[in-house]
Amino acid sequence: MFNLFRKKAANPYVKQDDQQTFRVRVRTRPHGDVVEFRFTKSAHIGIDDDGNHIFRKPVVSSEHFDKGELTVHFDRNYTVTGTDGENVDFIPVREWED
């Protein structure tokens with residue numbers, strides 16, 4: 001009951017740069033190449049069948065051409081609710097924060 005106004009913890013893998021922009025970094029599993037994605041609400045995030053927001057992107061590393069896919073799930077208020085990766089591992093923001 002007393003947690004009504006507690007700020008929700010940010011997702012450890014997704015950094016919100018400003019009101020519209022997010023960033024995420026992944027490491028490919030075969031060779032460990034790091035790939036960064038910067039995406040915005042208006043241009044890159046879509047809506048899934050349940051009415052929630054989603055960002056899905058194929059990953060191809062520039063050094064070894066490792067392939068994978070990343071998915072970031074949002075609720076209707078653009079709060080990150082989860083991350084999924086195929087052939088990639090998400091890098092925590094605390095490891096790459098500027």
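For the structure, check the block above.
Throughout, residues of each chain are indexed from 1 in the direction in which the sequence is written. pLDDT decides what is reported in this predicted model: residues at 70 or higher carry local features, side-chain atom pairs at 80 or more are listed and counted, and totals for whole chains, interfaces and linings draw on all residues regardless. The basis for every side-chain value is the complete set of heavy atoms in the structure, and neither hydrogens nor water enter the calculation.

1. Quick notes on the packing of aromatic side chains
- Aromatic pairing here means that ring centres of Phe, Tyr or Trp (its six-membered ring) are within 6.5 Å. Orientation follows from the plane angle: under 30 degrees is stacked, over 60 is edge-to-face, and everything else is tilted. One pass over the full model with this rule turns up six aromatic pairs.
- Each ring, one from Phe-39 and one from Phe-74, has its centre 6.4 Å from the other, and the planes form 70°; the classification is edge-to-face. Within this pair, whereas Phe-39 is found in strand 3 (residues 34-40), its partner Phe-74 is found in strand 6 (residues 67-74), the two being separated by 35 residues in sequence. One exposure class covers both Phe-39 and Phe-74, and it is buried.
- An aromatic cluster is defined as three or more aromatic residues linked by ring pairs; in this entry it consists of Phe-22, Phe-39, Phe-55, Phe-74 and Tyr-78. Segments assigned H or I by DSSP are reported as helices when at least four residues long, segments assigned E as strands when at least two residues long, and all are numbered from the N terminus. Categorising residues by exposure relies on relative accessible area from a 1.4 Å probe, with only protein chains included: less than 20% of the type maximum marks a residue as buried, more than 50% marks it as exposed, and the intermediate range marks it as partly exposed.

2. Concerning the sheet that holds strand 6
- Ordered in space as 4-5-6-7, the four strands form an open sheet in which the pairing is antiparallel. Edge positions in the sheet fall to strand 4 (46-47) and strand 7 (80-86), since each of these pairs with one other strand and no more.
- When DSSP finds two or more bridges between two strands, those strands count as paired. Summarising the sheet, strand 4 and strand 5 (residues 53-60) pair through two bridges and their orientation is antiparallel. Residue pairing in the sheet places Ile-47 in a bridge with His-53 of strand 5.

3. Details of the nonpolar core
- In this structure, Val-26, Phe-37, Phe-39, Leu-70, Val-72 and Phe-74 are the most contacted members of the largest nonpolar core, which totals 16 residues.
- Among the elements of the structure, strand 2 (21-28), strand 3, strand 5, strand 6 and strand 8 (88-90) are those that each provide at least two residues to this core.
- Two residues form a contact once any of their heavy atoms are found within 4.5 Å. Beyond its immediate chain neighbours, meaning those up to four positions away, Leu-70 contacts Val-24, Val-26, Phe-37, Phe-55, Arg-56, Lys-57, Val-59, Asp-84, Gly-85 and Phe-90. Buried residues of nine kinds, namely Ala, Val, Leu, Ile, Met, Phe, Trp, Tyr and Cys, make up a nonpolar core once their side-chain atoms join them within 4.5 Å.

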